[in-house]
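Chain and residue survey
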Amino acid sequence: MHDVVIVGGGPAGSSCAYWLADAGWDVVVVEKKHFPRVKTCGDGLTPRAVRQLADMGLEDALAGSHKYSGLRAYGFGQSLEMQWPEHPNFPNYGYTITRHDLDGLVAERAVKAGATLLSGTEVVAPIIDEAASGETGSALPHLKGVIVKEKAAGDQAGGEKAGGERELLARYVVVADGANSRVGRMLGTNRRRDLPLGMALRGYYTSERHDDPFIESHLDIRDAEGNIVPGYGWIFPMGDGRVNVGVGLLSTDRRWKGVNTSHLMDAFVNWAPDSWGISPETSLGPPTGGKLPMGLSVGPRAGANVLLAGDAAGTINPFNGEGIAYGYETGRLAAAALGHALGGEGPRALTDYDRQLEAAYGPYYKVARAFVRMISNPQAMKLCVGVGMRSEFIMSQLLRIMANLMRPDAPGPAEIGFRAMELISRLLPDEVAALDDATAGAA
């Protein structure tokens, strides 16, 4: 009987494992792949992500990665270079590093702290305690643990079952198996269809500008016919001869459900600045992508002895598509809640975890969802970005908001502006249909 079994060894799972193991709890992480493994991602670490890695004692391990100082934004014929802002809690720089290299570093850190990693092992089913589930009345079933199946040979403890399956029993279970959480769906979680869903595609290209000091974001991406679509394109220098190039589409309502991200990627590659040297000839392979549940859109996120964290809980930031930092942060919050639960508070601590998520991200994500829906209207998008790109001051304040780097100690224009947006967002429903007319009117 383990204290905690964690499903998934990505940012949320490994972060949760590190903090629990560091506190002395018996933790097992079940990861279906072997590290290092390829993972589709933009590969950009913002100051929020760097802070979490530093707190886990891992920033020195990033020394060989590409360090960048800010964001270069393009839109409607304008460009601006903005340094990451000064902040009392976060650094003013970021890194780019592939998930192939990064995820293994964090998982290894968790193991050094005392966690057990079962790699090449897949969770095939939860072990539901039917009697306890009926007593708790929780939205998620009460689990005894999980059934796992090894994909490769290894010295792994557990009770043998037929067909190479094993039982891992645990007092608590964390579901952190990513954006398309299979285990979450087994337990009855769902994504709210009325909230934004991101779709992203990325590929690697060779480029002489691979060590550029800025990551680059294009805010007015267009389809092959030249129509503006709600999303952005990015070019992230990797410092190793490559750049990570991708497009993100915000599927906010029925108008954008038919957009083909592969065609959008082709259009962006053709349209990107020539200085990057991006073309089919410099491509290092076909792009890969996936769906991105955003803005706390997946739930329930907590049960009597089950928690969801990271992409499995839909914690990606709708403003910018960032997921790594929020994986680390929610994994850490989950670990704190489980520490309280294991220390004697029991299921009540898991309810507190859900409240903490809402307190930390709920108001911010509601503003982000309203913003995303507004810019899904092409006229509103052109107005907002077109005006903003003419003012470095406006864009630098917007960068603070979109990267969630507002200061708690010294309220300035970004903080005041966000509070105003938060007050307005409280009056707006989340449902798409109700906002169709509102966004058209805003434009």
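Our subject is the structure that appears above.
As a starting point, this report considers the structure included with it. (Residues numbered from 1 in each chain as written. Predicted model: local features only at pLDDT ≥ 70, side-chain atom pairs only at ≥ 80, totals over all residues. Heavy atoms only, no water.)

A cis amide bond links F35 with the next residue in sequence, P36, at an omega value of -5 degrees. With respect to the element layout, P36 can be found in the loop between β2 (27-31) and β3 (44-45). Put simply, G299 and P300 share a cis peptide bond, and its omega is -5 degrees. Inspection of the secondary structure puts P300 in the loop between β19 (298-299) and β20 (306-308). A positive phi angle is found at D43, which is not glycine, with a value near 70 degrees. As for its placement among the helices and strands, D43 is situated in the loop between β2 and β3. (Helix = DSSP H or I, 4+ residues; strand = E, 2+ residues; numbered from the N terminus.)

For an α-helix, 3.6 residues make a turn, and residues three or four places apart therefore share a direction. Within the span of helix α9 (residues 378-388), buried status applies to A380, M381, V385, G386 and G388. Of the surrounding elements, those touching the buried residues of α9 are β5 (70-75), β16 (231-237), α8 (348-375) and α10 (392-402). (Buried < 20%, exposed > 50% of the residue type's maximum accessible area, 1.4 Å probe, protein only. Contact = heavy atoms within 4.5 Å.)

Along the chain, the position of R72 falls in strand β5. R72 sits in the buried class, given a relative accessible area of 7%. Within the structure, R72 has its side chain in polar contact with the side chain of E81 (distance 3.0 Å). Every residue in contact with R72, bar those within four places of it in the chain, is listed here: L80, E81, R209, D212, F214, I215, E216, S217 and W276. (Polar contact = N/O pair within 3.5 Å; in protein donor to acceptor, adjacent residues only side chain to side chain.)

Describing two packed helices takes the angle between their axes plus the distance from one axis to the other. Running from amino to carboxyl end, α10 crosses helix α11 (residues 413-425) at an angle of 65 degrees, the nearest separation of the two axes being 9 Å. Our classification of the angle between α10 and α11 gives roughly perpendicular. In this structure, the crossing between α10 and α11 has a hand that is right-handed. On α11, the residues that touch F393, Q397, R400 and I401 of α10 are P413, A414, E415, F418 and M421. Here the contact of α10 with α11 is composed, by residue class, of six nonpolar, one polar and two charged. (Axes fitted to C-alpha atoms, helices over the stretch in contact; angles between N-to-C directions. Parallel < 35°, antiparallel > 145°, perpendicular 65-115°, else oblique. Left-handed = near helix turned anticlockwise from the far one by under 90°. Nonpolar A, V, L, I, M, F, W, Y, C, P; charged D, E, K, R; others polar.)

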